Number of protein chains: 2
Amino acid sequence: MSLTAAIQSVSALVSSAKSSSFLGQGVGPETRFTSFSMPLLPSRKLSICKCVSAAPPTEQTAHKTKVARNANMAKLQAGYLFPEIARRRSAHISKYPDAKVISLGIGDTTEPIPEVITSAMALRAKELSTFEGYSGYGAEQGEKKLRAAIASTYYKDVGIEENDIFVSYLLFGANVKIAVQDPSYPAYVDSSVIMGQTGLYQKDVEKFGNIEYMRCTPDNGFFPDLSNVSETDVIYFCSPNNPTGSAASRDQLTKLVNFARANGSIIVYDSAYSMYISDDSPRSIFEIPGAKEVAIETSSFSKFAGFTGVRLGWTVVPKELVFSDGFPVARDFNRIVCTCFNGASNIAQAGGLACLSEEGLKLYGLQRVRRTERAVCVGALPGQELVDVFAEILEKTHLVTTPGSGFGPGGEGFVRVSAFGHRENVLEACRRLKQLYQ
Amino acid sequence: MSLTAAIQSVSALVSSAKSSSFLGQGVGPETRFTSFSMPLLPSRKLSICKCVSAAPPTEQTAHKTKVARNANMAKLQAGYLFPEIARRRSAHISKYPDAKVISLGIGDTTEPIPEVITSAMALRAKELSTFEGYSGYGAEQGEKKLRAAIASTYYKDVGIEENDIFVSYLLFGANVKIAVQDPSYPAYVDSSVIMGQTGLYQKDVEKFGNIEYMRCTPDNGFFPDLSNVSETDVIYFCSPNNPTGSAASRDQLTKLVNFARANGSIIVYDSAYSMYISDDSPRSIFEIPGAKEVAIETSSFSKFAGFTGVRLGWTVVPKELVFSDGFPVARDFNRIVCTCFNGASNIAQAGGLACLSEEGLKLYGLQRVRRTERAVCVGALPGQELVDVFAEILEKTHLVTTPGSGFGPGGEGFVRVSAFGHRENVLEACRRLKQLYQ
């Protein structure tokens, strides 16, 4: 096992927090439902195009460099899902200019940020025009006050301290074998491909080589059968998961931590959606005994406080987590942060601090979710076979969804419905879907 | 030649803009001087410690993962320069509590940001509290308006368009052979080491294996003798250079572009300090004919507008730049941006846009530099041998500088004096140095 370019570089996990998920298991009594998604078979015909086209350009440039294209980039499949959805949406709007199209595809936060937060950011911005208030470079690890506030707000009872918190996202590097939930947000797999950690895409099984896909479907309660999972260096685990919305229970996470301990793996736990948990499922992996020796946690203000555009997140690297030679992961992580990254915007950090102030926390209680962006139950719908369900839903209801296959082979047979959107739109979408499938 | 994980991941170039340089050649008549630095021999005794300690921890954790530490991290030398300087500074202050210590080591912007800029950021922050003004995810490539403003402000006459601009920093990845100016800002070399592009550190020559160090010293007018430079995939070139402050002339950059064309290399041109140029030296590599087929340019609002803490930069990847198979570099770059990066803070981008507004440009004319942060001539000082000049300067003048050796073997014999600081401090520093060395 080797971990090269370990934790190398910034921000694939930022992307992991990008899309919204429809929430299921562990989300609380009012909205609990068995699956985030509708058990429909999405069409295999939907070709998901790249953010960039795969076609080489016509021969028009006068000069070619001798630099070879990164072979890993060529491995990426014709699939950055979201641009294709955008294209289909545009085509649909052209076809039906008067239809009220509702997008439940790419989720996004929609509700204004409370003034207590934005005022803090505006104040920090204005202070930068004063001699007293101006500041240049901040600490690469993030501002001390914000790190302390994150530690005391989210990790008070689990022994995570200010120095374990890095106000940034970072990512593991090359030559690492990873495991991912299947389905999962595509950024884990795609960034792993770019880093050169994987083999080629295997069309027959719809998987990349050298990635362990941990099946998480209704059959196993959206939690992998760990007895079937082989040893890997890094286990990406997002809970509540995007796209399934399933939150792992305390028992399940205890199994995961014990599995990582037995195998010598490192869990990268993405808790970006933890604020949507309203039962007693853990909000942090560090609630599980022994996790500090096997896990890193990443999280974000994106969903919690509508900071998708403001950009602010953090990573917890406990001092107890060590490589096989005993060297602490946090020290290398810190070195990389110091060398390659200069920290988050001071203005965004002022906003983060305001979120965690007494007044901010009254608005954003740890267990409270803004109702307007809450998941809304759609309910299970009868299965259909071999039809392009994405296209059918779009055509008949003017609703834009996301085919589950875009999240891995485990997503086949599902569509993802994002519940991030204006509440009235989500409710209207539910009405249309009920009408179509009842 | 191969370029794997090409342009892989975010932000080593952010760090490249971190420290300030003392400006020399090409900086304009009032402040022109032959060298940024004082030709003194810095002590070889100065041990530059890491941002993170290299010492493994004592055996206290109950569990070790089986994940091997990234071997590239272990290659990094005991040298992240700046923490050691901070340590020496602290020790000096403890020793001389009443001394007026002036730090010319790590440079930083010091002057408040004009209100036209901060008001725009405050307004954008406040708008996020309104239904009309709220927005979630922005375009990964940066906001359209800002990309257009950067293109029209900086690249109007050189054929670089909005779509060539990415509001982010990115970096080349593994298995690339790089060339750097020697001396140069340590982030190029250190991030290359982390990416696994280099061999081991060779103590005798004070260089990493598999990096081409292009000597840039007073002997060659701070421009490399390209006839001695071997073929590499990527040539990092910063002009005006940090730490030498030397700006390459049009003739020199033409030579560099022709060299890259002949060798099939890609130049990564760091123009973060271009606003300090006041003669007719190019401010962008794209002023050189043929550069669009061989160069990427990175730049930043950090120095230009005091945005070191706000964080905002951009990268230009011309559509004409192609890999050896004809595939456009910009397409892979865009794919990586879409997959691994979600763009800069919307509030920071509002500030960037205000910098480039009519009113902002009146304050920050393209060729104007805020006088308070302008380089101040120190002048050449007599050489000394085998003394710890850094320590001598600190001890005798209470000035914190940076040993040139921290920037590569080409920095031996120099100290770097940052001119980013309050003007009165810089002038006082000059007086003390003149007194010491006259």
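Worth saying up front: this structure is predicted, and the values here are computed from it rather than measured.

When its secondary structure is counted, chain A shows 13 helices and 13 strands. When contacts within chain A are restricted to residue pairs at least 6 apart in sequence, long-range pairs at least 24 apart make up 79% of them. Summed over all atoms, the accessible surface of chain A reaches about 15,000 Å², with 52% contributed by carbon and sulfur.

Let us look at the environment of Arg87(A). Residues and elements named next belong to chain A. Relative to the elements of secondary structure, Arg87 occurs in helix 3 (residues 81-95). For Arg87, a relative accessible area of 48% translates into the label partly exposed. Separated by 159 residues in the primary sequence, Arg87 and Ser246 place their C-alpha atoms 29 Å from one another.

This next bit is on the pattern of salt bridges. All names here are of chain B. Throughout the structure, instances matching the rule amount to 28 salt bridges over all chains. The partner of Lys95 in a salt bridge is Glu395, with the nearest N and O atoms 3.1 Å apart. Here Lys95 is found in helix 3 (residues 81-95), whereas its partner Glu395 is found in helix 12 (residues 389-397), with 300 residues between them in sequence. What makes Lys95 exposed here is its relative accessible area of 52%. For Glu395, a relative accessible area of 33% corresponds to the partly exposed category.

All names here are of chain A. Among the secondary structure elements, Asp182 is positioned in strand 3 (residues 178-182). Within the local environment of Asp182, its side chain forms a polar contact with the backbone nitrogen of Gly410, the two atoms lying 2.7 Å apart. Leaving out residues up to four positions away in the same chain, Asp182 has contacts with Tyr213, Met214, Arg215, Cys216, Phe407, Gly408, Pro409, Gly410 and Gly411.

Let's shift gears to the packing of helix 12 (residues 389-397) of chain A against helix 13 (residues 423-437) of chain A. All names here are of chain A. Where helix 12 meets helix 13, the axes come as close as 10 Å, and the angle between the chain directions of the two elements is 110°. Considered as vectors, helix 12 and helix 13 are oriented roughly perpendicular to each other. Here helix 12 contributes Val389, Glu392, Ile393, Lys396 and Thr397 to the contact with helix 13, which in turn contributes Arg432, Leu433, Leu436 and Tyr437. Of the residues assigned to the contact of helix 12 with helix 13, the class counts are 5 nonpolar, 1 polar and 3 charged.

Before going further, it helps to spend a moment on the sheet that holds strand 6 (residues 211-215) of chain A. One open sheet accounts for 7 strands, arranged 2-10-9-8-7-3-6 (chain A); its pairing is mixed. Pairing within the sheet leaves two strands with one partner each, and these edge strands are strand 2 (165-166) and strand 6 of chain A.

The next thing to look at is the packing of aromatic side chains. Across all of its chains, the model carries 20 aromatic pairs over all chains by this definition. Aromatic pair Tyr154(A) and Trp314(A): ring centres 5.1 Å apart, planes at 25°, arrangement stacked. With a gap of 160 residues between them, Tyr154(A) in helix 5 (residues 144-154) and Trp314(A) in strand 10 (residues 313-316) connect regions that are remote in the sequence. Ring centres of Tyr201(B) and Phe208(B) lie 5.0 Å apart, and the angle between their planes is 65°; on these two criteria the pair is classed as edge-to-face. What makes Tyr201(B) partly exposed here is its relative accessible area of 26%. By relative accessible area, Phe208(B) is classed as buried at 6%. Chaining the aromatic ring pairs together yields one cluster made of Tyr154(A), Tyr155(A), Phe286(A), Phe301(A), Phe307(A) and Trp314(A). Lying over the aromatic face of Phe327(A), Arg331(A) brings its terminal NZ or CZ to 6.0 Å of the ring centre.

Another aspect to go through is the side chain of Gln141(B). Inspection of the secondary structure puts Gln141(B) in the loop between helix 4 (115-127) and helix 5 (144-154). In contact with Gln141(B), not counting residues within four places along its chain, are Arg147(B), Ile165(B), Phe166(B), Val167(B), Asn334(B), Val337(B) and Cys338(B).

Looking only at helix 5 of chain A, the buried set comprises Leu146(A), Arg147(A), Ala149(A), Ile150(A), Ala151(A) and Thr153(A). If you follow the buried residues of helix 5 of chain A, they end up packed against strand 2, strand 10, helix 10 (346-355) and helix 11 (358-363) of chain A.

So, about helix 7 (residues 250-263) of chain B. Residue and element names in this part refer to chain B. With 14 residues, helix 7 ought to run about 20 Å at 1.5 Å a step, and its terminal C-alpha atoms sit 20 Å apart, in line with that. Those residues of helix 7 not exposed but buried are Gln252, Leu253, Leu256, Val257, Phe259, Ala260 and Asn263. Burial along helix 7 is one-sided: seen end-on, the buried residues are contained in an arc of 155°. Away from its buried face by more than 90 degrees, helix 7 exposes Asp251, Lys255 and Ala262.

So, about the nonpolar core. What tends to happen in soluble globular proteins is that the nonpolar side chains get buried as a cluster. Core analysis: the largest hydrophobic core is formed by 155 residues, its most contacted members being Phe301(A), Phe307(A), Phe301(B) and Phe307(B). The contact partners of Phe301(B), leaving out residues within four places of it in the chain, are Leu146(B), Ile150(B), Gly306(B), Phe307(B), Leu312(B), Gly313(B), Trp314(B), Gly352(B), Cys355(B) and Leu356(B).

We now examine the pairing of strand 7 (residues 234-238) of chain A. All names here are of chain A. Of all 5 residues in strand 7, 5 are buried, a share of seventy percent or more. By the alternation rule, side chains of strand 7 split into Val234, Tyr236 and Cys238 and Ile235 and Phe237, which are all buried. One ladder, built from 2 bridges, connects strand 3 with strand 7; its direction is parallel. Looking at the pairing, Ala179 lines up with Ile235 of strand 7. Alignment of strand 7 against strand 8 (residues 266-270), held across 5 bridges, turns out to be parallel. Within strand 8, the position partnered with Phe237 by the bridge is Tyr269.

Where strands meet in a sheet, backbone hydrogen bonds hold them as pairs that are either parallel or antiparallel. Within the open sheet, the 7 strands sit side by side as 3-12-11-10-9-5-8 (chain B). Their pairing is mixed. Both outer strands of the open sheet, strand 3 (165-166) and strand 8 (211-215) of chain B, are each paired with one neighbouring strand and no more.

Further remarks concern the packing of helix 4 of chain B against helix 10 (residues 346-355) of chain B. Residue and element names in this part refer to chain B. Axis separation between helix 4 and helix 10 bottoms out at 8 Å; the angle between their running directions is 145°. The element helix 4 and its partner helix 10 pack so that their crossing is right-handed. On helix 10, the residues touching Val116, Ile117, Ala120, Met121, Arg124 and Ala125 of helix 4 are Asn346, Ile347, Ala348, Ala350, Gly351, Ala354 and Cys355. Broken down by class, the residue content of the contact of helix 4 with helix 10 amounts to 10 nonpolar, 2 polar and 1 charged.

Let us look at the confidence of the model for chain A. Residues and elements named next belong to chain A. Here chain A averages 77 in pLDDT, and 78% of its residues register 70 or above. No element of chain A has a lower mean pLDDT than helix 1 (residues 12-16), at 20, and none a higher one than helix 7 (residues 250-263), at 97. Contacts of residues 1-59 to residues separated by more than four positions or lying in other chains number 279 contacts, the stretch itself having pLDDT below 50. Across residues 366-387, confidence stays below pLDDT 50; counting only partners more than four residues off in sequence or on other chains, it has 71 contacts. With a pTM of 0.82, the predicted complex shows an ipTM of 0.80.

Right, let's talk about the environment of Thr397(B) for a bit. Secondary-structure assignment places Thr397(B) in helix 12. Not counting residues up to four positions away in its chain, the partners in contact with Thr397(B) are Glu392(B), Arg432(B) and Leu436(B).

What follows is about the pairing of strand 9 (residues 295-300) of chain A. Residues and elements named next belong to chain A. Of all the 6 residues making up strand 9, 6 are buried; the element is thus mostly covered by neighbouring parts of the structure. Relative to strand 10, strand 9 runs antiparallel, the two sharing 4 bridges. Note that in strand 10 the partner of Ser299 across the bridge is Trp314.

What counts as what
Residues numbered from 1 in each chain as written. Chains lettered and ligands numbered in written order. Predicted model: local features only at pLDDT ≥ 70, side-chain atom pairs only at ≥ 80, totals over all residues. Heavy atoms only, no water. Helix = DSSP H or I, 4+ residues; strand = E, 2+ residues; numbered from the N terminus. Contact = heavy atoms within 4.5 Å. Areas by Shrake-Rupley, 256 points an atom, 1.4 Å probe, with all protein chains shown as cover. Buried < 20%, exposed > 50% of the residue type's maximum accessible area, 1.4 Å probe, protein only. Salt bridge = Lys/Arg side-chain N within 4 Å of Asp/Glu carboxyl O. Polar contact = N/O pair within 3.5 Å; in protein donor to acceptor, adjacent residues only side chain to side chain. Axes fitted to C-alpha atoms, helices over the stretch in contact; angles between N-to-C directions. Parallel < 35°, antiparallel > 145°, perpendicular 65-115°, else oblique. Nonpolar A, V, L, I, M, F, W, Y, C, P; charged D, E, K, R; others polar. Pairing = 2+ DSSP bridges. Phe/Tyr/Trp six-rings, centres within 6.5 Å; stacked < 30°, edge-to-face > 60°. Lys NZ or Arg CZ within 6 Å of the ring centre and 35° of its normal. Expected span 1.5 Å × (residues − 1). Arc of directions from axis to C-beta. Core = buried A, V, L, I, M, F, W, Y, C linked by side-chain atoms within 4.5 Å. Left-handed = near helix turned anticlockwise from the far one by under 90°. pLDDT = per-residue confidence, 0-100.

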